[in-house]
Amino acid sequence: MRGVIFIRIFAALGILAAIVMGVGLGLSLATTENIKNLENFVAFAPALPTKIVDMNGTVITEFTGEEKRELVPLSELPKHLIHAVLAREDPNFYRHRGFSVRGIARAAFGRAIGRNLGGGSTITQQVAGTLYTDRTEKTIKRKIRELWWAFQMERRYTKNEILEIYLNYMMMGPGTYGVEAASKYFFGHSAREISLAEAAILVVQLSNPSRYNPLDNPNDAMDRQRSVLNRMIEMGYTTREEAEASFNEYWDNYDYTRESTAAYYNRQDSAPWFSEYVRRELDTMMYGVMDYYRDGYTVITTLDLRYQQAAEKYMAEGLKRANEEFTRSRGSRLTQAERIYVPVVDLLSLYFDLGGIHATADAQNEQRAYSRFTRTINPVVDMASLVFGIQDLKTLSSTAFARLKDSAERNTVEGALIALENETGYIKALIGGSQFSQSNQLIRATQGSIQPGSTFKPLYYSAAIDSRNFTAGTLIYDVPMVFYNENGTPYIPLNFRGEWKGQVLLWEALANSMNVPSLRVLDSIGFSAAIDRAALLLGITNPEEIRRTFPRVYPLGLGIISVSPLKMAKAFATFANEGREVTPIAIRSVEDRNGKVVLDPERELRVTQRQRGESLQIISPQNAYIMTSILRKTVDSGTLSAPSGWGAKFTFRDERGNRFRMPAAGKTGTPQNWSDAWAIGYTPYYTTAVWFGFDRPGNSLGVNLTGSTLSGPIWADFMRDIHQGLPPRDFVRPATGLIDAKVCTQTGLLWTPGCPGEITLPFLEGTQPRQHCDQHQNSVSASSGPASNLRPVIFDTMSIDLDNALDQIKKVELDLDGLPVRPGSENTGTTNRNRGRNQIQNQEYDIELPDYNPLLE
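### Some remarks on the overall build of the protein
Phase 1 of the analysis: A tally of helices and strands in the protein yields 27 helices and 22 strands.
Phase 2 of the analysis: Here the protein, with 857 residues, has 46% of them falling under the buried criterion.
Phase 3 of the analysis: Contacts in the protein between residues at least 24 apart in sequence constitute 70% of all its contacts with a sequence separation of at least 6.
Phase 4 of the analysis: For the protein, the computed accessible surface area is about 43,800 Å², with 52% contributed by carbon and sulfur atoms.

Listed below in structure tokens is the structure:
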């Protein structure tokens, strides 16, 4: 009787369990979408990095988040890799229906006795659990859900499709997912080229990528690798001889010194400054819509890695030279200051009782001690504050580091380079600074706010040409002058090295960077015309930004404004592009992981340019050609002639072996106090801007580091390299609107046999000179026709007679009797003091004063 009761109870429990399972399965079916209809392998989207490629399809770098993954088809993987996976993870993969009763029983029994007898999940279950459940959850409920999804996957996918998902999705290293990314991370090559021993190493990562990482735990990885190889031998996938040979080869060449780091920090970047610029552009384009860290886009850019490599090479050389020369000259200047000026300051401080400026030994020692503390002791203090958790000490060290960083910004020469293709606006190369790092991410080529110096002059010279009051042959006088700003304050410009040329032609004044003639031009055309033209060429359209950028004072004419190298390159590229506006662009298009174009910024730009029509012609082709002809003389005979090797660096051979010279035009610039050094120039193909200077104002590169001597050679060498192999091309001359005239090099009038030199210049039609030169012997009588109105321009300004001014300067006389007496010399009376006065009055000083020229280039 009791047995019957037990049977009935057991039957009731069985029925109840069946009902529960039925209801559970029914609920699962009710809450589960029809996977067969909705799931599609093509739509399967694991996290993939976004690839940044140059214009030739070469990968520059990859943007990735926490997961580094590259998809590879199963058909392209070697058989021994697939066999290794099957041997280690699921020998019966191609025979079961998604689960293994034996495996589940083995795992359950091992769990019951507290031993690891191997996992019970098949490859299908592992994929299902990874995709659709949380595998960190160790519950029966999670296991049932995993089994359910495994059934559904077996219904929808083929075995090869499941295996392909598995090999591309599973974690196989620190931040590394899938066999392709793991193979490149561990072995440095594609999984398509993986060896037998390497395949075994990858397979053991599937069970525990932390414990069996060969870079962290080579001995544990070796043991598991050998067990996989033995298993493959048992199953007939390989022979013992093959396994042993591959095993030995792998460990014979193993690098025990390599450290294991996350794949994100191991990524390669061939152009970090450009990549960062592209990343910021993508932020703007994709914000809130796409995730370029996970969605696996391909970004086709305008960069040419060959040009980028040349830029990095020459900029590295320039930065090294600049910092070495700056350090040397700065030390020399400080030595001179201590030897010459400090004693004078001390003398004055003692005489006038000015203790605040007295350079005592204590003050100098204090400065040296503080310098030693910030550079040598403070790093140790900072480490100690972290180790022992002393917050006050951390605050002190942080303050010292901030001061050290400020000092570095003031005393470290930085640099930037940007190269544009004239017709397209493509950014072909970009250098944003000395070393891209977490603490140095200011892209100076695009974000810099830098004084352009004399490279700014061509922008308003262009307006002067269009005024028709100036031509390339206009005679201007290069003599000292005073210019009065609108508020009545005087401004006295000086030329570089204090040289004055007298009467010069306009083209010569620009090619040789003369300041007074340039300000004469600015004074004549007016601030409004100059600012309007400069803003147009630089692409500055906001009225408030124009007002802030261009002060209406005469230093404006010498480039005392703030602008980026990118904008300056854009302005010069407009001259090269026949006066048509150039819009710099870095991203051509963006494709998703399936090759579909999802963003097409270049196409949008070209459509906008076509819609603008004639308004894209921001200056006339005639004006652009005249400016180019003037700026070519900077390369031929001006401040860029020496850096260009007097034309040698732009001399090439065509495909037939014939020599030709690629025409080039440009301008150098060095603002006040030699704080920056610029060189901007272009050919019919490309425009490049090069800058060197400081992130913080207040320092000087020195007289030996100028636009011509520092930036110029870098510009010329880079331009030479990127033009190798290009066919000859000349600047396009407009068919109408220009007249060439041969003029006297001294007067700008029509040449005669008596003139000391001749030059042929282009003129806007109607502005060419009509009168022959009458200032030299054997001059030819004036030709018939109206007299030219382009004779020397008279300016309403005041000249200074420097010799007379210097004669009127009175020398300061010191009351030597009032100077303190040196201890021990009181008894000498006034004898020594009078002797000192006589020495000061009669002796020729042997003090070697430094060459100081507060001038502009």
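Having seen the model, we can carry on.
### Here we look at the pattern of salt bridges
Phase 1 of the analysis: Within the structure shown, the criterion is met by 32 salt bridges.
Phase 2 of the analysis: For the salt bridge of R279 with D283, the shortest nitrogen-to-oxygen distance reads 3.0 Å. Of the two residues, R279 and D283 both sit in helix α12 (residues 272–286), four residues apart, roughly one turn of that helix.
Phase 3 of the analysis: Here the salt bridges do not stand alone but share partners, grouping E76, E180, K184 and R192 into one network.

### A look at the confidence of the model for the protein
Phase 1 of the analysis: On average, residues of the protein score 79 in pLDDT, and 70% of them are at 70 or above.
Phase 2 of the analysis: Low pLDDT, under 50, characterises residues 29–43; the stretch is placed with 20 contacts to residues that sit more than four places away or in other chains.
Phase 3 of the analysis: Here residues 779–857 is modelled with pLDDT under 50, and outside its nearest four sequence neighbours on either side it reaches 99 contacts, counting other chains as well.

### Let's talk about the packing of aromatic side chains
Phase 1 of the analysis: Following the criterion strictly, the structure yields 22 aromatic pairs and no others.
Phase 2 of the analysis: Seen in terms of ring centroids, F247 and W251 are 6.5 Å apart; in terms of plane orientation they differ by 55°. Their pairing is tilted. Within this pair, F247 and its partner W251 are both found in helix α11 (residues 240–252), separated by four residues, close to a single helical turn. Judged on exposure class, the residue F247 and its partner W251 are both buried.
Phase 3 of the analysis: Taking 5.2 Å as the distance between ring centres and 40° as the angle between the ring planes, the aromatic pair formed by F483 and Y554 counts as tilted. Here F483 is found in strand β10 (residues 481–484), whereas its partner Y554 is found in the loop between α21 (543–549) and α22 (565–576), with 71 residues between them in sequence.
Phase 4 of the analysis: By relative accessible area, Y554 is classed as buried at 7%.
Phase 5 of the analysis: In textbook terms, an aromatic cluster arises when at least three aromatic residues are bridged by ring pairs, as seen for Y185, F186, F187, F247, Y250, W251 and Y254.
Phase 6 of the analysis: Sitting above the plane of the F93 ring, K159 keeps its charged end 4.6 Å from the centroid.

### Considering the sheet that holds strand β1 (residues 50–53)
Phase 1 of the analysis: The strand order β2-β1-β6-β13-β14 describes an open sheet built from five strands, whose pairing is mixed. Looking at strand neighbours, the two that pair on one side only are β2 (59–63) and β14 (597–599), the edges of this open sheet. Strand-to-strand, the axes of this sheet are offset by a mean angle of 30°, without reference to chain direction.
Phase 2 of the analysis: Taken together, the four bridges between strand β6 (residues 298–301) and strand β13 (residues 587–591) define a ladder with antiparallel strand orientation. Bridging across to β13, I300 finds its partner in S589.
Phase 3 of the analysis: Strands β13 and β14 of the sheet are contacted by helix α23 (residues 601–612), whose axis makes an angle of about 130° with β13.

### Here we look at unusual backbone geometry
Phase 1 of the analysis: The phi torsion at R468 lies on the positive side, around 65°, for a residue other than glycine.
Phase 2 of the analysis: Position of R468 among the secondary structure elements: in the loop between α17 (457–467) and β9 (475–478).

### Looking at the nonpolar core
Phase 1 of the analysis: L282, F550, W715 and F718 are the most contacted members of the largest nonpolar core, which totals 135 residues.
Phase 2 of the analysis: No other element matches helix α13 (residues 305–351), which puts nine residues into this core.
Phase 3 of the analysis: Not counting the four nearest positions on each side in its chain, W715 is found in contact with V635, L640, S644, F650, A664, A665, A679, I680, G681, Y682, T688 and V690.
Phase 4 of the analysis: Membership of the second largest hydrophobic core comes to 54 residues, among which are V127, A128, I165 and L206.

### Quick word on the pairing of strand β8 (residues 427–431)
Phase 1 of the analysis: Most of β8 is tucked away, with five of its five residues classed as buried.
Phase 2 of the analysis: Looking at chain direction, strand β7 (residues 414–421) and β8 are connected through four bridges and run antiparallel. Its bridge partner being in β8, I418 is matched across the sheet by L430.
Phase 3 of the analysis: What sits between the antiparallel neighbours β7 and β8 is a turn of five residues, in which G425 has the positive phi angle 80°.

### Section: the sheet that holds strand β3 (residues 68–69)
Backbone hydrogen bonds are what pair the strands of a sheet, in a parallel or an antiparallel way.
Phase 1 of the analysis: Here we have three strands laid out as an open sheet, ordered β3-β5-β4, and mixed in their pairing. Lying at the two open borders of the sheet, with one neighbouring strand each, are β3 and β4 (171–173).
Phase 2 of the analysis: Note: β4 against strand β5 (residues 176–177), two bridges, orientation antiparallel. Within the sheet, the bridge partner assigned to G173 lies in β5 and is T176.

### Looking at the side chain of N577
Phase 1 of the analysis: As for its placement among the helices and strands, N577 is situated in the loop between α22 and β13.
Phase 2 of the analysis: When residues no more than four places from it in sequence are discounted, the contact partners of N577 are N422, E423 and V582.

### A word on the environment of V732
Phase 1 of the analysis: With respect to the helices and strands, V732 occurs in the loop between α25 (707–722) and β20 (738–744).
Phase 2 of the analysis: With relative accessibility at 47%, the residue V732 sits in the partly exposed group.
Phase 3 of the analysis: Taking C-alpha positions, V732 is 8.7 Å from P621, a pair spaced 111 residues apart along the chain.
Phase 4 of the analysis: If we skip the residues at most four places from it in the chain, V732 touches E578 and Y625.

### Some words on helix α9 (residues 196–205)
Phase 1 of the analysis: Of all 10 residues in α9, 10 are buried, a share of seventy percent or more.
Phase 2 of the analysis: When we look at burial in α9, the residues that qualify are L196, A197, E198, A199, A200, I201, L202, V203, V204 and Q205.
Phase 3 of the analysis: Buried-residue contacts for α9 involve α3 (79–89), β4, α8 (179–187), α10 (218–234) and α11.

### A short note on the side chain of T670
Phase 1 of the analysis: With respect to the secondary-structure elements, T670 resides in the loop between β17 (665–669) and β18 (676–682).
Phase 2 of the analysis: Owing to a relative accessible area of 0%, T670 belongs among the buried residues under this scheme.
Phase 3 of the analysis: Of note is the side chain of T670, whose polar atom sits 2.9 Å from the backbone nitrogen of G707.

### Quick notes on the environment of N673
Phase 1 of the analysis: Relative to the helices and strands, N673 resides in the loop between β17 and β18.
Phase 2 of the analysis: The class for N673 is partly exposed, based on a relative accessible area of 35%.
Phase 3 of the analysis: The spacing of N673 and N699 is 26 residues in sequence and 7.8 Å in space, taken between C-alpha atoms.

### Considering the packing of α22 against helix α24 (residues 621–636)
Phase 1 of the analysis: For the pair α22 and α24, interaxial distance at closest approach is 8 Å and the crossing angle is 105°. With respect to each other, α22 and α24 are oriented roughly perpendicular. Residues F572, T574 and F575 of α22 touch α24, and the partners they reach there are A624, M627, T628 and L631.
Phase 2 of the analysis: The residue inventory of the contact of α22 with α24, partitioned by class, reads five nonpolar, two polar and no charged.

### Focus on the environment of N623
Phase 1 of the analysis: Following the sequence through the fold, N623 ends up in helix α24.
Phase 2 of the analysis: For N623 and D466, which are 157 residues apart along the polypeptide, the C-alpha to C-alpha distance reads 6.9 Å.
Phase 3 of the analysis: Filtering out sequence-adjacent residues up to four positions away, N623 remains in contact with S462, I465, D466 and R533.
Phase 4 of the analysis: Within the structure, N623 has its side chain in polar contact with the side chain of D466 (distance 3.0 Å).

Procedures and definitions
- Residues numbered from 1 in each chain as written.
- Predicted model: local features only at pLDDT ≥ 70, side-chain atom pairs only at ≥ 80, totals over all residues.
- Heavy atoms only, no water.
- Helix = DSSP H or I, 4+ residues; strand = E, 2+ residues; numbered from the N terminus.
- Buried < 20%, exposed > 50% of the residue type's maximum accessible area, 1.4 Å probe, protein only.
- Contact = heavy atoms within 4.5 Å.
- Areas by Shrake-Rupley, 256 points an atom, 1.4 Å probe, with all protein chains shown as cover.
- Salt bridge = Lys/Arg side-chain N within 4 Å of Asp/Glu carboxyl O.
- pLDDT = per-residue confidence, 0-100.
- Phe/Tyr/Trp six-rings, centres within 6.5 Å; stacked < 30°, edge-to-face > 60°.
- Lys NZ or Arg CZ within 6 Å of the ring centre and 35° of its normal.
- Pairing = 2+ DSSP bridges.
- Axes fitted to C-alpha atoms, helices over the stretch in contact; angles between N-to-C directions.
- Core = buried A, V, L, I, M, F, W, Y, C linked by side-chain atoms within 4.5 Å.
- Polar contact = N/O pair within 3.5 Å; in protein donor to acceptor, adjacent residues only side chain to side chain.
- Parallel < 35°, antiparallel > 145°, perpendicular 65-115°, else oblique.
- Nonpolar A, V, L, I, M, F, W, Y, C, P; charged D, E, K, R; others polar.

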